[in-house]
Amino acid sequence: MSTLPFIPAVYASQSALTHYWHKLTDRTFVGIYHANAFDLAMMIPYFIVLFVLAVYGLHRYWLVYDYFAYAKNVPPDPPPVQQWPRVTIQLPIFNERYVIERLVDAIARFDYPRELLDVQVLDDSTDETCEVARNCVERHAAQGMPVSYIHRANREGYKAGALENGLKTAQGQFVAIFDADFLPDPDFLRRTIPYFLTPDGGDNIGMVQTRWTYLNSDYSLLTNVETILLDGHFVVEHGARSRRGTFFNFNGTAGVWRRAAIDSAGGWEHDTLTEDTDLSYRAQLKGWKFLYLPQIECASELPVDMNGFKAQQARWAKGLMQTAKKILPKVWASDAPWHVKAEAFFHLTANISYPLMVLLSTMLLPAMIVRFYQGWFQMLVIDLPLFLASTCSISSFYLVSQRELRPKTWWRTFFYMPFVMATGIGISVRNAQAVIEALIGKKSEFARTPKYKIEGKKDSFVQKSYRNKVGWMPFAEIFLGLYFALTIVYAILNENYATVPFLLLFVWGYLYTGFMSFGQTYFAHLRFGVNAPEMRPAASGAPGF
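Fair warning: this is a prediction, and the values are worked out from it, not measured in the lab.

Describe the pairing of strand E8 (residues 289-300), with residues and values.
Of all 12 residues in E8, 10 are buried, a share of seventy percent or more. Bridge count between strand E5 (residues 182-183) and E8: 2 bridges; the pairing is antiparallel. Along E8, the bridge assignment pairs Leu 183 with Ala 299.

Encoded structure:
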C-alpha cells in the first residue's frame with residue numbers, strides 16, 4: 001500500500017509538535033515580566049498551600065517506607081490457651097433495623113465457651129429497631145445465649161455514652177466491640193484473645209485490632225473506591241505504625257480491649273466524634289501496647305449512597321481534628337520518642353489537607369494565568385515537584401496496599417486510581433467544613449452511617465429509610481465542578497495541555513459527588529455500577545504479613 005496519503009498527516013503532526021515545543025521553550029517574556037503586587041498576593045498563598053500539601057504527601061511515602069523497613073516486626077503466633085477468660089461483647093446500635101438480626105445471629109455462632117460470654121445489645125434507637133432488637137435478643141436468650149438488651153431513653157454521649165453505660169454491668173475481663181454492619185467469623189475470639197495471654201508481654205497489651213473486609217465491595221463504583229481507600233488505611237497506615245511501634249488507633253469496631261486498659265485511660269469520653277481514636281491515644285500514653293492483626297479479618301458493609309459516605313468521612317475528619325486539639329498537647333508533653341510524636345502529629349492533623357485542597361481549588365485558575373506569563377521553566381522546576389509530592393504519593397500509597405492484598409490482580413487497581421483521586425477531591429468541600437468546625441470548636445451530633453444490609457448488586461436501598469439529607473453542599477460541589485470545566489477551557493485555549501488531565505480529576509470529582517448526592521436521594525439505581533473485577537480480600541488473609 002502506498003504511504004503517500006500519510007505524508008501530509010506526518011507533516012501536520014510534526015508542525016503541531018514543533019509549535020508546542022516552541023511554546024514550552026518560548027523565552028519571549030524573559031527579562032520583561034516582573035511580579036506585581038497582585039501576582040505576589042496570588043502566588044505566595046498558592047505555594048504555601050501547595051507546599052503544605054506536599055509535606056503531607058511525602059508523609060505517605062514515609063509510611064510506605066516504614067511498612068517495608070519494619071516488615072519483620074509482626075507479632076508471633078501466641079501459644080495455646082490453657083484457660084479462657086470471660087469476654088463481654090458489646091453491640092452498640094442506633095436505628096439499625098435492617099442489620100441487627102444478622103449481627104446477633106453471627107455472635108450466636110461464636111465457638112467460644114458460652115458460660116464465659118457476656119453479650120450486650122446497647123440500643124439507643126428511636127424507631128422500630130427497638131422491637132426488632134428486643135425480639136432477637138429474647139429469641140437467642142431462650143436458646144441459651146448469654147445476651148442482654150440495654151436500651152437508653154436518650155443518646156447522651158452517643159456511641160461512647162452507650163459503651164460506657166454498658167461497662168457498668170459488663171462482666172468480662174476483655175471487651176469485644178462490633179458495629180451493627182459487621183459480620184465476625186465464629187472463631188474471632190479464639191483467634192484474638194490468645195494474644196492478650198502470651199507469657200512474653202501479653203499483660204501489657206491493651207487492645208488488638210483486626211482488618212476489615214467488605215461484603216459489598218463490588219456493588220458500585222463508589223464501593224470499589226471505598227474498598228481501595230480503606231485498604232490503604234488498614235494495610236499501609238496500620239501496618240506501618242504498628243510495625244514501627246508508633247501509636248495507632250482502634251477503629252471503633254472489630255477489635256478487643258482489655259477492660260483494665262479502658263479504665264486506666266479514663267474510660268470512654270464523648271467530647272470528640274472519634275471516641276475510638278481518643279481512647280486509643282489516652283491508653284497508649286498510659287503505657288498500654290496495641291497489636292494490629294491483619295491476618296484476622298472481619299467482614300463489614302460499606303456505605304452504598306454518596307450522602308452516607310460523605311457523612312461518614314466528615315465525621316471521621318472532624319473527630320480526628322477534635323482529637324488532635326485534645327490529645328496532641330499531651331503527646332508532646334509525654335516522654336514518647338520523637339518519631340512517635342511526629343507520627344501522632346501527621347496522623348491526627350492529616351485532614352487539614354481538605355480545607356487546603358478547597359483553597360487550592362479556588363486559586364488554580366488565577367495561579368495558572370499568572371504562571372503562564374512567568375514562563376514554563378519555572379513551572380517545571382517548582383510546580384511539578386510539588387504536585388508530584390502531593391498527588392502521586394496518593395496513588396503509590398493505595399497501589400502498595402492492593403499489591404500486598406492481591407499480588408496477582410493488584411495491577412487492575414490502576415484503572416480505579418483516577419476515580420479514587422477524584423472522589424478524594426469531591427468530598428473535600430464537606431470534609432473541609434467538618435475540619436473548620438472542629439478548629440473553631442463548633443459541636444455537632446454523631447451522624448450515623450446508614451446500613452441497608454446491601455450484600456450484592458441485586459440489593460437496593462431505594463425503599464429503605466435512613467438516607468441522609470442533601471443540604472446545600474452538593475450545590476457548592478457542582479459549582480466547583482463547573483468552575484474547573486471553565487479552567488480546562490482556558491487551559492486548552494492557551495495550549496496548556498499538560499494540565500488538562502489533572503484538572504479533569506477536579507471536574508469529575510466535584511460533579512460526581514454533587515450529582516450523586518442529589519440523584520441517590522431519590523433513585524438507588526444511580527450508582528455508576530461497573531463490571532469490575534471482584535475487589536474483596538481473599539478469605540485466607542493478607543499475603544505478606
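Additional details are given in the paragraphs that follow.
Residue-level account of the sheet that holds strand E2 (residues 117-123), with values.
One open sheet holds the 8 strands; their spatial order is E3-E2-E1-E4-E7-E6-E8-E5, and the pairing between them is mixed. Bordering the open sheet on either side are strand E3 (147-151) and E5, each of which pairs with just one other strand. Here strand E6 (residues 205-214) pairs with E8 via 9 bridges, running parallel. By the bridge assignment for E8, Thr 210 is matched with Leu 293. Along the sheet, helix H3 (residues 100-108) makes contact with strand E1 (87-93), E2 and E5, crossing E1 at roughly 170°.

I'd love a proper account of the nonpolar core, names of residues and values included.
Core analysis: the biggest nonpolar cluster contains 68 residues, and Ile 89, Val 121, Phe 178, Leu 189, Trp 257 and Trp 268 have the highest contact counts within it. Looking at this core element by element, the count peaks at 6 residues for E8. Excluding its chain neighbours within four sequence positions, the residues that come into contact with Trp 268 are Ala 160, Leu 163, Glu 164, Leu 167, Ile 177, Phe 250, Trp 257, Ile 262, Glu 275, Asp 276, Leu 279 and Arg 282. Among the nonpolar cores identified, the runner-up in size contains 32 residues, and Met 43, Tyr 46, Met 363 and Leu 511 belong to it.

Go over the packing of aromatic side chains, please, and point to the residues and values.
Under the definition given, this model contains 27 aromatic pairs. Arranged with centres 5.4 Å apart and planes meeting at 75°, the rings of Trp 84 and Tyr 112 form a pair that is edge-to-face. Highlighted residues: Trp 84 in the loop between helix H2 (37-69) and E1 and Tyr 112 in the loop between H3 and E2, separated in sequence by 28 residues. Here the aromatic rings of Phe 182 and Trp 212 are separated by 5.1 Å at their centres, their planes lie at 75°, and the arrangement is edge-to-face. With a gap of 30 residues between them, Phe 182 in strand E5 and Trp 212 in strand E6 connect regions that are remote in the sequence. Comparing Phe 182 with Trp 212 shows no difference in burial state: the two are buried. Among the aromatic residues, those joined into a ring-pair cluster are Phe 248, Phe 250, Trp 257, Trp 268, Phe 290 and Tyr 292. We note Arg 155 situated over the ring of Phe 94; from NZ or CZ to the ring centre the distance is 3.6 Å. The ring of Tyr 67 has Arg 243 lying over it, and the distance from NZ or CZ to the ring centre is 4.0 Å.

Can you break down the pattern of salt bridges residue by residue, with the values?
According to the stated counting rule, one finds 22 salt bridges in the structure shown. For Arg 259, the salt bridge is made with Asp 263, and the minimal N-O distance between the two is 3.2 Å. Here Arg 259 pairs with Asp 263, and both are found in helix H8 (residues 259-264), just 4 residues apart, close to one helical turn. We note a salt bridge from Glu 477 to Lys 310, for which the minimum N-O separation is 3.0 Å. Here Glu 477 is found in helix H16 (residues 473-493), whereas its partner Lys 310 is found in helix H10 (residues 306-333), with 167 residues between them in sequence. Of the two residues, Glu 477 and Lys 310, neither departs from the other in class, the shared state being buried.

Residue-level account of helix H17 (residues 500-519), with values.
With 20 residues, H17 should cover 28 Å at 1.5 Å per step; its first-to-last C-alpha distance of 27 Å lies within 8% of that length. Extensive coverage of H17 is indicated by the burial of 14 of its 20 residues.

Pulling in residues and values, what's your account of unusual backbone geometry?
For Asn 95, which is not glycine, the phi torsion reads 55° and is therefore positive. Along the chain, Asn 95 turns up in the loop between E1 and H3. Classification of Asn 95 by relative accessible area gives buried; the value is 9%. Here the phi dihedral of Tyr 158 falls at roughly 55°; this positive angle occurs in a residue that is not glycine. Looking at the secondary structure, you find Tyr 158 in helix H5 (residues 158-167).

How would you explain the side chain of Thr 213 if you had to name every residue and give the values?
For Thr 213, the location among the structural elements is in strand E6. Within the structure, the side chain of Thr 213 is placed 3.5 Å from the backbone nitrogen of Ala 299, a separation counted as a polar contact.

Account for the packing of H10 against helix H15 (residues 428-440), with residues named and values stated.
H15 packs onto H10 with a crossing angle of 30° between their chain directions and a minimal axis gap of 8 Å. Classed by the angle they form, the pair H10 and H15 counts as roughly parallel. Two packed elements cross with a definite hand, and for H10 against H15 that hand is right-handed. Touching Lys 310, Gln 313, Ala 314, Ala 317, Lys 318, Met 321, Gln 322 and Lys 325 of H10 are Arg 430, Asn 431, Ala 434, Val 435, Glu 437, Ala 438 and Leu 439, all from H15. For the contact of H10 with H15, the class distribution of residues is 7 nonpolar, 3 polar and 5 charged.

Cut-off values and rules
- Residues numbered from 1 in each chain as written.
- Predicted model: local features only at pLDDT ≥ 70, side-chain atom pairs only at ≥ 80, totals over all residues.
- Heavy atoms only, no water.
- Buried < 20%, exposed > 50% of the residue type's maximum accessible area, 1.4 Å probe, protein only.
- Helix = DSSP H or I, 4+ residues; strand = E, 2+ residues; numbered from the N terminus.
- Pairing = 2+ DSSP bridges.
- Contact = heavy atoms within 4.5 Å.
- Axes fitted to C-alpha atoms, helices over the stretch in contact; angles between N-to-C directions.
- Core = buried A, V, L, I, M, F, W, Y, C linked by side-chain atoms within 4.5 Å.
- Phe/Tyr/Trp six-rings, centres within 6.5 Å; stacked < 30°, edge-to-face > 60°.
- Lys NZ or Arg CZ within 6 Å of the ring centre and 35° of its normal.
- Salt bridge = Lys/Arg side-chain N within 4 Å of Asp/Glu carboxyl O.
- Expected span 1.5 Å × (residues − 1).
- Polar contact = N/O pair within 3.5 Å; in protein donor to acceptor, adjacent residues only side chain to side chain.
- Parallel < 35°, antiparallel > 145°, perpendicular 65-115°, else oblique.
- Left-handed = near helix turned anticlockwise from the far one by under 90°.
- Nonpolar A, V, L, I, M, F, W, Y, C, P; charged D, E, K, R; others polar.

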